[in-house]
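# Inside the fold
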Amino acid sequence: MSRRSLTLLIASVGTAVAIAVSLLVPVPYVILGPGPTLNTLGKDSSGHYVITVSGHPTYPTVGHLNMVTVSYRGCQGNRFNIFTALVAWLNPHEAVVPESEICPAGQTQKQTQEQNTQEMTNSQETATAAALTELHIPYTTQVTVAQAEKGFPAYDVLEPGDVITEVDGTPVTSQAGLTKLIYAHPAGSTLTLTISRDGQTKQVQVGTKESGGHPVMGVAITETYKFPFQVTITVGEIGGPSAGLMFALGIVDKLTKLNLTGGKFIAGTGEITPGGQVQPIGGIQQKMVGARDAGATLFLTPAANCADAKGAVPAGMRLVKVSTLNQAVTYLEALRAGQSVPSC
């Protein structure tokens, strides 16, 4: 074999190996694209209303207040090769991001989906709390033990599901309030907690120790709510926390005569707190595309997402910048009256 033939053979083999490796070796990235969108004032694909209210008067609604989502491909167990990533990178409606931004290390796509489902459940509760706060309808906040950490004083004293109602006789009405009551005593103190466990009220003694420069009992806490009537939100297998704002607006619209949309097709996104603060989310550009494809002409955008959103607004869509649920309600009323509102 001549030197030239040998060189060509080696080059061909090398190229073939490189192509094979590119095709077979997965890359640690995730592809984001526009996902499903649902009208919170309407029905899902199964014919069930997305939001239903029992035990309180409701009013007819018109138009759309659509929640939007992001679809994704990737994570361990569902990775793709470099060519798939390049095709997605060239698509203006998709984004390629490091796997670590979407899936924690060592977590499969199934585990990520389960986590997103739990976040969706939490966001529905929080959205209901935010809506009732906006409408000045009272409800009760419960501080519930999620887990007691081994090696800390609360371990073997507090159990998952315990509701902490008092610390040394002072009512506990929020996670922040509980933290404040714990911080009021030096590390090493013993606190008397009133708890509700399995429907029974009891008192327990729990010590504290220093961690991170503060006294702690060593418990993971969640806030749960007792509402004066039932609000049910049905979205199928959609997950994540970013639909909170639109759920809250849908609840407000159903519980009042406001007619927030004025018949318009409005979409939006944003995680929400019980007090109504609208927080930033990921995938804003893909969500705008999904909303516009569905027919939305107005898009409620968390103020902190404006920098990423304003340079990629689909044709025919207008952004409305919001920081709170109250702002969103006020701006929608203003738009219905033909007034100007802030944009990104």
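On a predicted model such as this, the values are computed, not experimentally measured, just so you know. (Residues numbered from 1 in each chain as written. Predicted model: local features only at pLDDT ≥ 70, side-chain atom pairs only at ≥ 80, totals over all residues. Heavy atoms only, no water.)

Before going further, it helps to examine the overall build of the chain. The helix and strand inventory of the chain stands at eight helices and 18 strands. A total of 344 residues make up the chain; the buried ones form 41% of that total. For the chain, the accessible area works out to roughly 17,300 Å², and carbon and sulfur atoms hold 52% of it. (Helix = DSSP H or I, 4+ residues; strand = E, 2+ residues; numbered from the N terminus. Buried < 20%, exposed > 50% of the residue type's maximum accessible area, 1.4 Å probe, protein only. Areas by Shrake-Rupley, 256 points an atom, 1.4 Å probe, with all protein chains shown as cover.)

Moving on, we come to the pattern of salt bridges. Enumeration over the complete set of coordinates arrives at two salt bridges. The partner of R197 in a salt bridge is E159, and the shortest N-O contact between them spans 3.6 Å. Pair noted here: R197 is in strand β8 (residues 190-197) and E159 is in the loop between β5 (140-148) and β6 (163-167), with a separation of 38 residues, a long-range link. (Salt bridge = Lys/Arg side-chain N within 4 Å of Asp/Glu carboxyl O.)

This part is about the state of the cysteines. Applying the stated criterion across every chain yields a total of one disulfide. Covalently, C306 is tied to C344 through a disulfide, its sulfur atoms 1.9 Å apart. Across the S-S bond of C306 and C344 the torsion is about -55°, and the bridge reads as left-handed. One end of the pair, C306, is in helix α7 (residues 306-309); the other, C344, is in the segment after α8 (325-336), with 38 residues separating them in the sequence. We classify C344 as partly exposed; its relative accessible area is 30%. (Disulfide = S-S within 2.5 Å.)

Looking now at unusual backbone geometry. Positive phi, close to 60°, is recorded for H136, a residue that is not glycine. Take H136: it is sitting in the loop between α3 (109-134) and β5. The phi torsion at D198 lies on the positive side, around 55°, for a residue other than glycine. With respect to the helices and strands, the residue D198 is situated in the loop between β8 and β9 (200-207). Taking the relative accessible area as the measure of exposure, D198 reaches 75% and is therefore exposed.

On their own, these measurements won't tell you what the molecule is for.
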